[in-house]
Amino acid sequence: MGFFEETFVKAKEVFDVAGKKTSEAITIQKLKVNAASLESQIARDYEALGRLIYAESRENGDSGEAAGELMTEIDGKRIHLESLQAEIAHMKGNRLCRSCGSANAPGAVFCSRCGEKLGMEKAAEPNPAAEETSGEEQADQES
């Protein structure tokens, strides 16, 4: 092959790698936007729940059925948010803390959030079965 052909082949390889990295970066950004949107929705739901419980408690001392429905909706959004965060961590090659679930840099030895020593595993693939966890199980895990 001539000089120009070799240069062309090398340039094509570089562009292919750059295209793949750009695609990964775009996917990660989309996941981050979705996660931020869910966090915002959860915050609004918490606010609505607080207002609802306060109003109903002032009236008759009972939070009622509407509060339970809103709590179930919040639990579902939190499960979806955790799934998105795990997917982002996996795509970045981050390591998840077994103790608190925080994503850490690939070379980290200790968790940046809780200080727990990290194992050698990277962030696992998102588990679709985790999304099927009921709101009650999620509430039990958080307490």
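Residues numbered from 1 in each chain as written. Predicted model: local features only at pLDDT ≥ 70, side-chain atom pairs only at ≥ 80, totals over all residues. Heavy atoms only, no water.

### Brief notes about the packing of aromatic side chains
Our working definition: Pairs were defined over the aromatic rings of Phe, Tyr and Trp, the Trp ring being its six-membered one, requiring ring centres within 6.5 Å. Orientation was assigned from the angle between planes: stacked under 30 degrees, edge-to-face over 60, tilted for the rest. Exposed residues in this analysis have more than 50% of their type's maximum accessible area, buried residues have under 20%, and partly exposed residues fall in between, with area computed by a 1.4 Å probe over protein chains only.
Counted under the stated rule, the structure contains 1 aromatic pair. Centroid distance F3 to F4: 5.6 Å. Interplanar angle 70 degrees. Geometry classified as edge-to-face. On the basis of relative accessibility, which here comes to 61%, the residue F3 falls in the exposed class. Note on F4: relative accessible area 70%, which makes it exposed.

### So, the state of the cysteines
Quick reminder of the rule: Note that a disulfide, as used here, is simply two cysteine sulfur atoms within 2.5 Å.
Enumeration over the complete set of coordinates arrives at 0 disulfides. Take C111: it sits in no disulfide, and the sulfur closest to it among the cysteines is that of C100, at 3.6 Å. For the unlinked cysteine C114, the closest cysteine sulfur is that of C97, found at 3.6 Å. Taking relative accessible area as the criterion, C114 reaches 39% and is therefore assigned partly exposed.

### As for the environment of E69
Applied cut-off: Here a strand is any run of E in DSSP of at least two residues, a helix any run of H or I of at least four, and the numbering for each starts at the N terminus.
Summarising the element assignment, E69 is placed in helix α2 (residues 64-92). Look at E69 and you get exposed, because its relative accessible area is 53%. Linking E69 and L49, residues 20 residues apart in sequence, is a C-alpha distance of 9.7 Å.

### Considerations on the side chain of K77
This is how it is decided: Here, residues are in contact when the closest pair of their heavy atoms is within 4.5 Å.
Along the chain, K77 falls in helix α2. Every residue in contact with K77, bar those within four places of it in the chain, is listed here: L38, Q41, I42 and D45.

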